[in-house]
Amino acid sequence: CLDSKEELHEFGSKWRTDDCLDCYCSRNGIQCCTSYGTPVDYDKDKCVSVFNEKTCTYKVVEKNDQSKECPVNQWVG
């Protein structure tokens, strides 16, 4: 399989892209999906979601004090 960076991958191989996609190469081509969950049900007036590109994770924190995490009721991904 030839990915978007023109790198070759063997059939049956798996890898994570720089933009946090988990990819798989098969004889049918490359399939990719997000490697993280996205918070969707939290107090958006009080809190904000912050994406960490190094760990491919979201954290939901208070807008006024980002040292305090907010509860998240639902994630999608």
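Residues numbered from 1 in each chain as written. Predicted model: local features only at pLDDT ≥ 70, side-chain atom pairs only at ≥ 80, totals over all residues. Heavy atoms only, no water.

As annotated in an unreviewed UniProt entry, the protein chain carries the name MSPJ protein and is attributed to Ramphastos sulfuratus. Among the UniProt annotations of the protein chain, the heading Subcellular location (unreviewed entry) holds the following wording: "Secreted". Database annotation for the protein chain, UniProt heading Sequence similarities (unreviewed entry): "Belongs to the beta-microseminoprotein family." (UniProt positions renumbered as here; feature names shortened; annotations may be inferred.)

Below, the discussion takes up the pattern of salt bridges. The tally for this structure, following the rule as stated, stands at four salt bridges. Here Arg 16 ties to Asp 22 by a salt bridge, and the two come within 2.8 Å at their closest N and O atoms. The residue Glu 62 makes a salt bridge to Lys 46 at a minimum N-O spacing of 3.7 Å. Taken together, the residues Glu 62 in strand β6 (residues 57-62) and Lys 46 in the loop between β4 (38-41) and β5 (47-52) connect sequence positions 16 residues apart. The exposure class assigned to Lys 46 is partly exposed, which follows from its relative accessible area of 44%. (Salt bridge = Lys/Arg side-chain N within 4 Å of Asp/Glu carboxyl O. Helix = DSSP H or I, 4+ residues; strand = E, 2+ residues; numbered from the N terminus. Buried < 20%, exposed > 50% of the residue type's maximum accessible area, 1.4 Å probe, protein only.)

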